[in-house]
Amino acid sequence: MPKGAYLLYEAAAGYSLFEVIEAEEIGAKVPEVEEAINDLKLFSKFVKYVSFVPFKDAQDALSNINDISEGIVNDTLKDFLELNLPKVKEGKKAKFWVGVSDAKLGNSINEGLGFPCKCEEITKELLRGVRNHFHRFVKELDGGNQERAQLGLGHSYSRCKVKFNVNRNDNMIIQAISLLDQLDKDINTFSMRCREWYSWHFPEMNKIVKDNFLFCRCASLIQMRSSFDEAKLNELKDILMDNDEDDDGLADQVANALKTSMGMDISVVDMFNVKSFADRVISLTKYRHQLYEYLNDRMDRVAPNLKALIGEVVGARLISHAGSLTNLAKAPASTVQILGAEKALFRALKTRGNTPKYGLIFHSSFIGRAGAKNKGRISRYLANKCSIASRIDAFSEVATKEYGEMMKSQVEERLKFYDTGDAPRKNIDCMNEVGKSLKRSSSAMDVDNDDSDDEPKAKKKKKEKKDKKKKKKKKKKSSKD
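This is a predicted model, so every value here is computed, not measured.

A. Main features of the sheet that holds strand E3 (residues 47-54). Spatially, 5 strands are ordered E3-E2-E1-E4-E5 in an open sheet, and the strand pairing comes out mixed. The sheet is open, and its two edges are formed by E3 and strand E5 (117-118), each paired on a single side. Pairing of strand E2 (residues 14-20) with E3, which is carried by 7 bridges, proceeds in the antiparallel orientation. Within E3, the position partnered with Val20 by the bridge is Val47. Packed on one face of the sheet, helix H5 (residues 75-84) meets strand E1 (4-10), E2 and E3 and runs near 30° to E2. Against the sheet, helix H7 (residues 121-137) contacts E1, E2, E3, strand E4 (96-99) and E5, and its axis sits at roughly 60° relative to E1.

B. Here's a closer look at the packing of helix H11 (residues 212-222) against helix H12 (residues 230-240). Two numbers describe how H11 lies on H12: the axes approach to 10 Å, and their chain directions differ by 170°. Here H12 runs roughly antiparallel to H11, going by the angle between their axes. In contact with Leu214, Arg217, Cys218, Leu221 and Ile222 of H11, H12 contributes Lys232, Glu235, Leu236, Ile239 and Leu240. Here the residues of the contact of H11 with H12 sort into 7 nonpolar, no polar and 3 charged.

C. Focus on empty space enclosed by the protein. All told, the structure shown has 1 cavity of 30 Å³ or more when counted by the stated rule. When its volume is computed, the largest cavity comes out at roughly 40 Å³. Residue lining of the largest cavity: Tyr9, Ala11, Ala12, Ala13, Phe134, Leu141, Gln146, Ala149 and Gln150, and that is the complete set. Here the element with the most residues in the lining of the largest cavity is helix H8 (residues 145-162); it accounts for 3 residues.

D. The arrangement of the pairing of E2 in detail. The buried fraction of E2 amounts to 6 of the 7 residues, a majority that puts the element mostly inside the structure. Here E1 runs beside E2; their pairing, made up of 6 bridges, is antiparallel. Bridging across to E2, Ala5 finds its partner in Val20. Where E1 folds back onto E2 in an antiparallel hairpin, the turn is made up of 3 residues.

Calculation notes
- Residues numbered from 1 in each chain as written.
- Predicted model: local features only at pLDDT ≥ 70, side-chain atom pairs only at ≥ 80, totals over all residues.
- Heavy atoms only, no water.
- Pairing = 2+ DSSP bridges.
- Helix = DSSP H or I, 4+ residues; strand = E, 2+ residues; numbered from the N terminus.
- Contact = heavy atoms within 4.5 Å.
- Axes fitted to C-alpha atoms, helices over the stretch in contact; angles between N-to-C directions.
- Parallel < 35°, antiparallel > 145°, perpendicular 65-115°, else oblique.
- Nonpolar A, V, L, I, M, F, W, Y, C, P; charged D, E, K, R; others polar.
- 1 Å grid on protein atoms, 1.4 Å probe; cavity = no way out; pocket = protein on both sides within 12 Å on 5 of 7 lines; lining within 4 Å.
- Points joined across faces, edges and corners; volume = space filled by probe spheres on them.
- Buried < 20%, exposed > 50% of the residue type's maximum accessible area, 1.4 Å probe, protein only.

As structure tokens, this is what we get:
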């Protein structure tokens, strides 16, 4: 059996195989290989062309490159390697190795075909040289054909990666939660500025109306103290939600304070700017409410279980911090637990102090309801459930929130267990219960669909019977005639 090494190169036009000359000695010649990469004559001393199989069409190339990126050995690659590599008898090890550019692909080839693979520095240098001189080894790709194949495959691969399901797109959630957090900061800053600005004219209202949004609406309505009348008082009661029968409501307090206000007088131009700024804060607050409803709707479609478990805002922050729902699903529960507390974690590792118990999940109501001794335990349990919920949302074909609601009840039971000692239900029993309920609901839907399909079939049969009877009658008449 021949000894040696081979290189697998995945080009845009197909798979190619090269034999490494003097594989045992070449490992110690990394500097020489690096120098020979740009010179074909020198590089030919290290590598020998063996075989090349082109892809059938652009769609075949795209499917193969997607498999390569995922580390999957498909039938095309499997047949190519088995045909061109030396055969290995059953029960014996191969006396050669295959150099690959991706360690994940190498593990798949080793597990599926039994060919040992390497992904070392010398292998990468040799593959770099193959990439430079590939069009000279395969004459069919010369004359710009290789560049056209790379360009076409690059466009289709990028287009395929960018494609997404409109109803399951988590990019919109990441943008929405980032904008929502930024709006919260800006609205708070602008509201404080509006309070400070209008308080020069009417300082007493600052203590009477505590809510920022209501304060801006009142400032936009009242404007000059001298222009306040009964008509504005009724509108002020509507804004502050006072009852007409209540004589000591917030609107009446504001009206009484207007009569004895110690604020300074300002010009009409200044008041116009104050009102414009207050109106802008009001519009931003209303838009913030619309954005929150949009985020709520997107979380219902993309991550319903995560939303049902931990809430739409905290769930969206977890997705945003992880980068995507898939990244969050791939992360272990320990990572989800401290997601957002990376600075505290590395500071603790550097100073050998206590590591943080929670990150973004601290904003969940479950952590606040737990006792001081149990905060770490409930955060670990909640992170575990968040990890399960995100995986269900990311990889399930049918979106449902049943699992998230069940896991939320499990966290409630765990909190109760920490307080009273009542044993919670087992996780496998809860998941089986949800699975059975989903099966029952799906079977009921199937029965309804079957019933609806049977109705037109019955009508068709009746029509066919009527048509047959009519034909028989016509035949009898014609025979009599």
